[in-house]
Amino acid sequence: MRWFVSDFRMFRLLAAAEPKRVCVQILASCLRYAYGAVYALVFFRYLINALESGAPLLSTAAFFVLFSLLGLLDAGLNAYLRDELLPSSDERLRAWLLERLCEKTSGGGIAPYENPKTLDERARAAETAREGALEFLGTAADFCALLLGLGWSLGFACAVEPRVMLPVLLALSLSLFGQRARSQSLFALQRDLASPARRADVAAGTFFGRAYAKELRLSRVGECLRALYDRALRDQQSAVKAHATRAAALGALAEMGVECLLYVLVYLLVCHRYLAHRAFGLGDLTSLFGATVNLIYFSHALLAAYASLRRQGLSFSAFHGVLESQPDLADGGAPCAFAREIRFEGVGFSYGDKPVLKNLNLRLQKGERVALVGLNGCGKTTLVKLLLRLYDPTEGRILMDGRDIRDFDLRAYRAMFAAVFQDFQLYALTVEENVSLGEEGAARRAGEALRLAGLALDPSRELTREFDPDGLVLSGGQAQRIAAARILASDAPIAVLDEPSSALDPLAERDAYETLLRACAGRTLLLISHRLSSVRDVDRVLYLEEGRVLEQGSHQELMRLGGRYAALYNQQAEAYRKEVCAHEEP
Ligand code: ADP
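Residues numbered from 1 in each chain as written. Predicted model: local features only at pLDDT ≥ 70, side-chain atom pairs only at ≥ 80, totals over all residues. Heavy atoms only, no water.

## Thoughts on the environment of Arg461
Phase 1: With respect to the helices, strands and loops of the structure, Arg461 is situated in the loop between helix H12 (440-452) and helix H13 (476-489).
Phase 2: Spatially, the C-alpha atom of Arg461 lies 38 Å from that of Asn115, the residues being 346 residues apart in sequence.
Phase 3: With sequence-adjacent residues up to four places away left out, Arg461 is seen in contact with Leu429, Thr430, Val431, Asp470 and Leu472.
Phase 4: Within the structure, the side chain of Arg461 is placed 2.9 Å from the backbone oxygen of Asp470, a separation counted as a polar contact. (Helix = DSSP H or I, 4+ residues; strand = E, 2+ residues; numbered from the N terminus. Contact = heavy atoms within 4.5 Å. Polar contact = N/O pair within 3.5 Å; in protein donor to acceptor, adjacent residues only side chain to side chain.)

## Things to note about the pairing of strand E10 (residues 548-553)
Phase 1: In this structure, strand E9 (residues 540-545) lies alongside E10, joined through five bridges in antiparallel fashion. The residue of E10 that forms the bridge with Leu542 is Gln552.
Phase 2: Once E9 ends, the chain turns through two residues before running back antiparallel as E10, passing Glu546 with a positive phi of about 45 degrees. (Pairing = 2+ DSSP bridges.)

## Details of the layout of surface pockets
Phase 1: One number sums up the size of the largest pocket: a volume of about 1600 Å³.
Phase 2: If you trace the largest pocket, you find 39 residues lining it, with Arg414, Phe417, Ala419, Phe421 and Leu437 closest to the centre.
Phase 3: Counting only elements with at least two residues in the lining of the largest pocket, the list comes to helix H10 (410-414), strand E6 (417-420), helix H11 (431-436), H12 and H13.
Phase 4: Residue composition of the lining of the largest pocket, grouped by class: 21 nonpolar, six polar and twelve charged.
Phase 5: Each of two domains, domain 1 (2-324) and domain 2 (341-416 + 531-586), supplies a minimum of three residues to the lining of the largest pocket. (1 Å grid on protein atoms, 1.4 Å probe; cavity = no way out; pocket = protein on both sides within 12 Å on 5 of 7 lines; lining within 4 Å. Points joined across faces, edges and corners; volume = space filled by probe spheres on them. Nonpolar A, V, L, I, M, F, W, Y, C, P; charged D, E, K, R; others polar. Domains from an automatic or database assignment.)

## Things to note about helix H1 (residues 2-17)
Phase 1: With 16 residues, H1 extends 23 Å from end C-alpha to end C-alpha; this agrees with the ideal 22 Å at 1.5 Å per step.
Phase 2: For H1, every residue scored as buried is listed here: Trp3, Ser6, Asp7, Met10 and Leu14. End-on, the buried residues of H1 take up no more than an arc of 95 degrees, which puts them together on one face. Among the exposed residues of H1, those oriented more than 90 degrees off its buried face are Arg12 and Ala16. (Expected span 1.5 Å × (residues − 1). Buried < 20%, exposed > 50% of the residue type's maximum accessible area, 1.4 Å probe, protein only. Arc of directions from axis to C-beta.)

## Focus on helix H7 (residues 221-277)
Phase 1: Between its terminal C-alpha atoms H7 stretches 80 Å, which fits the 84 Å expected from 57 residues at 1.5 Å a residue.
Phase 2: Maximal helix bending in H7 amounts to about 30 degrees, located at His243.
Phase 3: Immediately beyond the C-terminal end of H7, within one or two residues, lies Arg278, with a positive phi of roughly 45 degrees. (Bend = angle between axes of the 7 residues up to and from the residue.)

## Some thoughts on empty space enclosed by the protein
Phase 1: Enumeration according to the criterion identifies one cavity of 30 Å³ or more in this entry.
Phase 2: Its boundaries defined by the atoms lining it, the largest cavity holds a volume of some 40 Å³.
Phase 3: Lining the largest cavity are Ile342, Phe344, Leu362, Leu364, Leu383, Leu387, Leu526 and Leu542.
Phase 4: Mapped onto the lining of the largest cavity, the elements with two or more residues apiece are strand E1 (341-351), strand E2 (354-365) and helix H9 (380-387).

## Some details on the sheet that holds E1
Pairing between the strands of a sheet is mediated by backbone hydrogen bonds and can be parallel or antiparallel.
Phase 1: Taken in spatial order, the four strands make up an open sheet running E2-E1-E4-E5, and their pairing is antiparallel. Here the strands that pair on one side only, and so sit at the sheet edges, are E2 and strand E5 (403-404).
Phase 2: Bridge count between strand E4 (residues 395-400) and E5: two bridges; the pairing is antiparallel. From the neighbouring strand, Leu399 faces E5, where its bridge partner is Asp404.

## Comments concerning the domain arrangement of the protein chain
Phase 1: As assigned here, the protein chain comprises domain 1 (2-324) and domain 2 (341-416 + 531-586).
Phase 2: Computed from C-alpha coordinates alone, the two centres of domain 1 and domain 2 are separated by 58 Å.
Phase 3: Listed as interface residues are five residues of domain 1 and, on the opposing side, six residues of domain 2.
Phase 4: Its largest share of buried area at the contact with domain 2, domain 1 owes to Gly108, Ile110 and Glu114, together 79% of the area lost on that side.
Phase 5: Viewed at the interface, domain 2 and domain 1 are joined by zero salt bridges.
Phase 6: The tally of links between domain 1 and domain 2 comes to three residue pairs in polar contact (both at pLDDT 80 or more).
Phase 7: The residue inventory of the side of domain 1 that touches domain 2, partitioned by class, reads two nonpolar, two polar and one charged. (Buried area = accessible area lost by both parts, 1.4 Å probe. Salt bridge = Lys/Arg side-chain N within 4 Å of Asp/Glu carboxyl O.)

## Some details on unusual backbone geometry
Phase 1: Phi at Asn359 takes a positive value of approximately 40 degrees, unusual for a residue other than glycine.
Phase 2: The backbone of Thr464 sits at a positive phi, close to 70 degrees, despite the residue not being glycine.
Phase 3: The topology assignment puts Thr464 in the loop between H12 and H13.
Phase 4: With relative accessibility at 10%, the residue Thr464 sits in the buried group.

## Let's talk about the side chain of Glu18
Phase 1: By secondary structure assignment, the location of Glu18 is in the loop between H1 and helix H2 (19-53).
Phase 2: In terms of polar contacts, Glu18 uses its side chain to reach the side chain of Arg92, at 2.8 Å.
Phase 3: What Glu18 contacts, discounting residues up to four positions off in sequence, is Ser89, Arg92 and Leu93.

## Here's the deal with the packing of aromatic side chains
Phase 1: Scanning the entire structure with this criterion turns up 17 aromatic pairs.
Phase 2: A centroid spacing of 6.4 Å and a plane angle of 80 degrees characterise the contact between Phe63 and Phe64, whose relative ring orientation is edge-to-face.
Phase 3: A ring pair is formed by Tyr351 and Tyr391, whose centres lie 5.6 Å apart and whose planes are at 80 degrees; its orientation type is edge-to-face. Placement of Tyr351 in strand E1 and of Tyr391 in the loop between H9 and E4 is noted, with a sequence separation of 40 residues between them. (Phe/Tyr/Trp six-rings, centres within 6.5 Å; stacked < 30°, edge-to-face > 60°.)

## Observations concerning the packing of helix H3 (residues 57-105) against helix H4 (residues 116-160)
Geometry of a packed helix pair, given as the angle between the helix axes and the separation of the axes.
Phase 1: Closest axis-to-axis distance for the H3/H4 pair is 10 Å, and the angle between their directions is 155 degrees. In this view, H3 runs roughly antiparallel relative to H4, as classed from their interaxial angle. In the crossing of H3 with H4, the sense of the turn from one axis to the other is right-handed. Touching Asp90, Leu93, Arg94, Leu97, Leu98, Leu101 and Thr105 of H3 are Arg122, Ala125, Ala126, Ala129, Arg130, Glu131, Ala133, Leu134 and Leu137, all from H4. (Axes fitted to C-alpha atoms, helices over the stretch in contact; angles between N-to-C directions. Parallel < 35°, antiparallel > 145°, perpendicular 65-115°, else oblique. Left-handed = near helix turned anticlockwise from the far one by under 90°.)

## Some remarks on the site of the ligand
Phase 1: Around the ligand sit 13 residues, and of these Lys354, Gly377, Lys380, Thr381 and Thr382 come closest.
Phase 2: A distance of 3.4 Å separates a nitrogen atom of the ligand from a polar side-chain atom of Tyr351.
Phase 3: Here an oxygen atom of the ligand sits 2.7 Å away from a polar atom, N or O, in the side chain of Lys354.
Phase 4: When isolated, the ligand has an accessible area of 560 Å², and the protein chains bury 67% of it.
Phase 5: Looking at the shell around the ligand, the elements that each hand over two or more residues are E2 and H9.
Phase 6: The leading source of residues in the shell around the ligand is H9, at three residues.
Phase 7: For the shell around the ligand, a count of residues per class yields five nonpolar, five polar and three charged. (Near = heavy atom within 4 Å. Areas by Shrake-Rupley, 256 points an atom, 1.4 Å probe, with all protein chains shown as cover.)

## Here's the deal with the pattern of salt bridges
Phase 1: Tallying each qualifying case throughout the model produces 26 salt bridges.
Phase 2: The salt bridge involving Arg92 is made with Glu18; its shortest N-O contact spans 2.8 Å. Linking Arg92 in helix H3 with Glu18 in the loop between H1 and H2, this pair joins segments that are 74 residues apart in sequence.
Phase 3: When its relative accessible area of 43% is taken as the criterion, Arg92 is described as partly exposed.
Phase 4: What makes Glu18 buried here is its relative accessible area of 12%.
Phase 5: For Arg343, the salt bridge identified is with Glu341, shortest N-O distance 3.1 Å.
Phase 6: Residue classification places Arg343 among the partly exposed residues on the basis of a relative accessible area of 30%.
Phase 7: When salt bridges with common partners are traced through the structure, they connect Glu91, Arg94 and Glu131 into a single cluster.

See the structure below:
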């Protein structure tokens, strides 16, 4: 019954979102099937009986008019539904369902993006929102109408000849059994297709993605992606082979059951009752044949709809699962302000079973400028992600003004930070939106921020040529200045810069750092840099090694200490001198 509960919940959701569409769709379906059934059962019976009994012309004409009006209503309602209501309602429902999913998945932290099972579940849920739910509404409306149609045909046939009940029930039970098994196979197929379908989508998306266009042309990575795509396709084929043949065989069996039993048994029975016993008149006989055809049609359609509802119900589990999922990070809800300090107390963090930070203690005071340095992979970015609550520590705690940051309202806490990452993104939106990132206050300050960041760009111009052929395409240095403008426009009290200029050459990097540091003036700053010369002017440098703070102090103090930081600094200075000499020699 799990599928039924799932279907019912989906129906309630959709009916609450679009009540008019749901009602009209059910009504139109009922009318469409009812009209067909009435035509087959009542129309000819009435006509033959009227001719046989010599009924008055007026009542026959009234019957025709009534029947035509019903036909007109059926055609009108179905045309309105198909051509007017569905096209707009479909898009609204899709958007509404996708919004529910986005609300659920865009909060919390970033750990779910590293779990393939969660990603598969989200892909299936999104498919439900895009197509499955709409298909379900159609099936549910048809199911109601078919149930009515079957009941009406059965009721009619039984009223004339009750013995037909037996073969009908026999055929329906047999078919129900076949369709149940078939829907299970179809669900298994859908489930097993989710992962290879997502792999194929990712591979195909990479082929079409702007970000990959250069490397695809300059390397053979396209062949690797092609192989990834082919493997996904092979896995899809195996899934189809494993489930689809069984589903098709069961479907055929179910249909044969209905046809053989209904046609043969009901026709034999009806003919026998008419010829041997004259149990009913010629009009009734015609209608009984019509009812049999209807019974077969409605049974087939009803059982197919039942199989779809079962399969859809089972696959909605992914959608409901996402809606019910608990965020990977709890939202404490307390209001948040930054007055004094942030403190890491015995913080430890592991990615799965891989420890990255161990018993880390540090303090960041309001207004202080702190640089985080260390060799690649020592855990600098991880520390920043913990600070921004993209993950929670696996041990210890992080405190803001003495209170665990898990207590705070997540959005309000994150709003304390203006962060620029190494891989910061530019969006196919206007320059102003790229600077404000949707914050109203920042949007008002975007023009001034652009000017201070040294960018003479019209804030209303669109970035990238994704949608606008005249869109602006920025150089690396200009993109960097957009990042600086983001910090300038934001009024967050803490700035976090994670290697924001690592993609630039040394001169451009120095320039970018100056712009960024100017942007951070007067704020608390946490800066990650692999180039130690650019962190000389901060108040305090933290040197991280193997997930711990190994040395800390001002640049001068650490140089006097002559430890790991000093060794790394001297090594970089030497390499830089050589690089400069190599440039100057020719
Ligand atoms: P840094 O910024 O100092 O270069 P990171 O914090 O990015 O170092 O990474 C620290 C370690 O954690 C590295 O060994 C890296 O491979 C690993 N790591 C980083 N991100 C993830 C992740 N999402 N899943 C698993 N391991 C990760």
